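The residues making up each chain are set out below.
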Amino acid sequence: MKLLRNLAITALFALAYPGVASAGVSVIDGTEPERQARWEEISEYVFGDRPIEAGDDHIAIEAPRRAQDPALVPITLKVLKKDEVRAVHLVIDDNPSPYAAKITIGPAGDPSEIRLRVRVNDYTNIHAVAETADGKLYQTRAFVKASGGCSAPISVADAEALEGAGQMKMKFGEGDKTGSATLMIRHPNFSGMQMNQVTRLYTPARYLDHVKVSYGDKTVFELKGDISLSSDPVIGFAYDPSETGEFIVQATDTKGASWKESFVVPARTN
Amino acid sequence: MSANLTDRPSSHHKPRFSGRRIADAGFSRSPAMSRRDVLLGGFCLCCIPQLGFAAAETTGLEEIASGVFVRRGPDVEASPGNRNGIANIGFIVGRDAVLVTDPGGSLADGRWLRSEIRKHTEKPIRHVVVTHMHPDHCFGAAAFEEDRPNIIGHHGLGAALQARGEFYRQRLAEILGPQEVGAVVLPTQEVSPDGAEVDLGGRVIRLKAHEAAHTTCDLSMTDSETGLLFAGDLLFVGRVPSLDGSLLGWLDELQKLRALDAKKIVPGHGPAAAEAAPAIADLERYLATLRDETREAIDNGMTIDEAVETVAQSERDRWTLFDDYNGRNVTQAYKELEWE
Ligand SMILES: [Zn+2]
Ligand SMILES: [Zn+2]
C-alpha cells in the first residue's frame, strides 16, 4: 500500500495575517466628485500644473466595462490624431500605483493603436492622456469594474515564475493588419502586493520598467512600465511598414536584469 | 485507523485561532462592498459572488452508494446566507473510520457537514481529503479541528494555499462575514505523483494526484468498495467549468479519468452522482471547443477581448452560469495558448 507523505507543518491551522488590508475595501465605489478629486491629485502629481484638455478627438480608450480577470484587463488606446501625438500616458486612478505606463512613440512608430494588459485593483476610472509634439495634453477616460487585480497571486511559485523571465515572442499582423505587431515578454511583474501566507511576506515588487522596440535603426516606441502591467506583459503596437531591417527589443526590470531579442518581419506576399 | 498512516506530531494540534480573531476585528465589512460584485481575482471562481441571487437552499445529503453520502451543491455563487455551500461535498463511512471529501465551502458549511455526519455515525473522522485549493472545496476543513484528522491533499496543495489561501479568505469574508469563513487549513499529508491509499478498515480509498488541469493541485479518489470515482472539479456536470490550471492539461487528465473506467462518478459540481462516460464526454467537448476556437482566434490575429466575445458560444445553452465563466475561461485559454 502506498503511503501518504506526512508534511512537517508547524501549525495545522495557519495563522491569518492581521496586517493585511482587504483589497477592494479601502476605496469603495467612489462618488463622481471623489473620483474627480482623485484624478486631479494624480494628474497634478504626474503632469504638474500643465493644463489637460478634454481630448476625445485626440485619443480613445477601449476597455471592458466589467473585467473577466482583474489581473488581466485588456486595454486598447487609439490615437486619432496620430501625426500630432508623440506620447501616451495610461493612468489607472484607483490602483495603488496609478501611473501604469508611458509610451513614447519614435520615428518608426505609429500611435494609432496600442494594446496593453493591466491589473485593476478596484472599480476605477482609467485615464489615457495623449501628449503632442509641442507638449499639449489631451485626456479621455473609461470606467472599469474589477477588483483585486494587483494583489491576486500569480498562478505559479515565485521562483518558477522567474525562470523563463525575458523570453520573448513577436507576432506580426498580415493582410489588412500589416503594420501591426504584438510583443510578448515573459515576466511575473511582481506587484509587491502578492503575499506568501506562510512566510507572511509580500513577494518584493519586481517588474519590467523599460521596454524599447526599434525597427531598422529607428525607434518604434519606448515604454515605461509599472506594477499595473499584468504578468507576462503583452504589448500590441503599430509601426511604419515601409522601414526595413530587424526589430530589436530591449527590456529591463527593476532588479537590473536586462534582455535583448531580435525579430525579422516575415516577407510580405502582396 | 489505518496502520499505514502515521499520526502527525502533536504540535499540529494547536490551532492559533487567537490570531484570526485579531485579524477579524480589524476587518470592517463595508455595506457598499456587499452591493458590488467582488471578483476573486485570477481564479476559478466557483464562488464569484453574484448578489441578487436568492440565497440558495442547501440541499440535504443523499446516500448514493452503501456508506457514501453526498450533498449536491446548487449551481449558484457564494452569497450571504448560503455559506458558500455550492460544491458537492460528503463522506465515506468505513468499518473503523470516516473520510470526508470535500469538507465544504466555509467553516459554517463544514460545521453543517460535520453535524450531518454525526447523525449517521459516531465513528471517528480520521481523514479530510481536500480535492483542490478552491474556496468552495477547502474552507470547510476548519470545522473538523476537534477530530484532529489527517488533512490530505495533492502535493501541490500546500504551496497553492500558501500563495492564495489568505487572498481567498479575505474575499470570501467580504461576502459571508469573517466568522463564517474560518481559517485556511494546510494539508498535513500529501499525495505524491505516484498516488496513495487510505484504509478505512477493509475499505480502501485510492487517491490520485493529477497534473495541472482544473487547477494545479487536483486530486481524484476511487472507493474500492463501490467503484465510485470522486472527481472533484476535474468534472463539472451541468454547471459551466472554470479553468484555473491548464486547458491542455485538463484534456489530458480527462483521458486518465476515463481510463480509470468507473461507471459512476461524483463531480465537483452537478448531480451527486452521474454516469461517467457521458459526463466526461460533455466536459471534453466544451474544453476541446474552447481550445480549438481560442487557437483559431489567436491564429487569425484576434485580440483577447475579441476572442472573449466569440469563442465557445455554441456551448452557451448547454451549461448553467455560462456567461459568468466562459469569458474568463477564454481569457485563461488565450494566455496559455498564445505562447504555442
Ligand atoms: Zn468548485
Ligand atoms: Zn474548483
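Residues numbered from 1 in each chain as written. Chains lettered and ligands numbered in written order. Predicted model: local features only at pLDDT ≥ 70, side-chain atom pairs only at ≥ 80, totals over all residues. Heavy atoms only, no water.

Draft legend 1. Seen up close, the overall build of chain A. A count of helices and strands for chain A gives 2 helices and 18 strands. Counting all 270 residues of chain A, 53% fall into the buried class. Sequence-distant contacts, at least 24 apart, represent 67% of the contacts inside chain A between residues at least 6 apart. Only carbon and sulfur atoms are counted for the fraction: they give 49% of the accessible area of chain A, which is about 11800 Å². (Helix = DSSP H or I, 4+ residues; strand = E, 2+ residues; numbered from the N terminus. Buried < 20%, exposed > 50% of the residue type's maximum accessible area, 1.4 Å probe, protein only. Contact = heavy atoms within 4.5 Å. Areas by Shrake-Rupley, 256 points an atom, 1.4 Å probe, with all protein chains shown as cover.)

Draft legend 2. Just the sheet that holds strand E6 (residues 150-154) of chain B, in detail. The strand order across the open sheet formed by 8 strands is E1(A)-E7(B)-E6(B)-E5(B)-E4(B)-E3(B)-E2(B)-E1(B), and the pairing between neighbours is mixed. Both edges of this open sheet fall to strand E1 (5-6) of chain A together with strand E1 (61-65) of chain B, since each of them pairs with a single strand only. Bridge count for E1(B) against strand E2 (residues 68-71) of chain B is 4 bridges, and the pairing is antiparallel. Residue pairing across strands places Glu63(B) opposite Phe69(B), the latter belonging to E2(B). (Pairing = 2+ DSSP bridges.)

Draft legend 3. Representation of helix H3 (residues 107-120) of chain B. Residues and elements named next belong to chain B. End to end, H3 covers 20 Å across 14 residues, agreeing with the expected 20 Å (1.5 Å per residue, within 8%). Within H3, burial applies to Leu-107, Ala-108, Asp-109, Gly-110, Trp-112, Leu-113, Arg-114, Glu-116 and Ile-117. Check the buried side of H3 and you find it contacts E1, E2, strand E3 (89-93), strand E4 (98-101), strand E5 (125-129) and helix H6 (178-181). (Expected span 1.5 Å × (residues − 1).)

Draft legend 4. Expanded view of the coordination of the zinc ion (ligand 2). All names here are of chain B. Looking at the zinc ion (ligand 2), one finds its protein donor set to be His-132 (NE2), His-134 (ND1), His-214 (NE2) and Asp-233 (OD), positioned 2.1 to 2.2 Å from the metal centre. One way to put it: the 4 donor atoms around the zinc ion (ligand 2) meet at angles of 89 to 170 degrees, and that makes the site irregular. All donors of the zinc ion (ligand 2) belong to a single chain; written as a sequence motif, their spacing is H-x1-H-x79-H-x18-D. Between the two metal centres, the zinc ion (ligand 2) and the zinc ion (ligand 1), the spacing is 3.3 Å, with Asp-233 acting as a shared donor. In this pair, His-132 is assigned in the loop between E5 and helix H4 (135-138) and His-214 in the loop between strand E9 (204-209) and strand E10 (219-223), connecting sequence segments 82 residues apart. (Donors = N, O, S within 2.8 Å, 3.2 Å for Na, K, Ca; no water. Tetrahedral: all angles 85-135°; square planar, octahedral: opposite > 155°, others 65-115°.)

Draft legend 5. Empty space enclosed by the protein, seen in detail. Taken as a whole, this structure holds 3 cavities of 30 Å³ or more when the rule is applied. The wall of the largest cavity is formed by 14 residues, among which Asn88(B), Thr101(B), Asp102(B), Phe230(B) and Val266(B) lie closest to the centre. Of all the elements in the fold, those that place two or more residues in the lining of the largest cavity are E3, strand E11 (229-236) and strand E12 (264-269) of chain B. Grouping the amino acids of the lining of the largest cavity by side-chain chemistry returns 6 nonpolar, 7 polar and 1 charged. As for the second largest cavity, its lining consists of Ile103(A), Ile105(A), Gly109(A), Asp110(A), Glu113(A), Ile114(A), Val220(A), Phe221(A), Ile235(A), Gly236(A), Phe237(A) and Ala238(A). Secondary-structure elements contributing two or more residues to the lining of the second largest cavity are strand E6 (99-105), strand E7 (109-118), strand E15 (218-225) and strand E16 (234-239) of chain A. A per-class count over the lining of the second largest cavity returns 8 nonpolar, 2 polar and 2 charged. (1 Å grid on protein atoms, 1.4 Å probe; cavity = no way out; pocket = protein on both sides within 12 Å on 5 of 7 lines; lining within 4 Å. Points joined across faces, edges and corners; volume = space filled by probe spheres on them. Nonpolar A, V, L, I, M, F, W, Y, C, P; charged D, E, K, R; others polar.)

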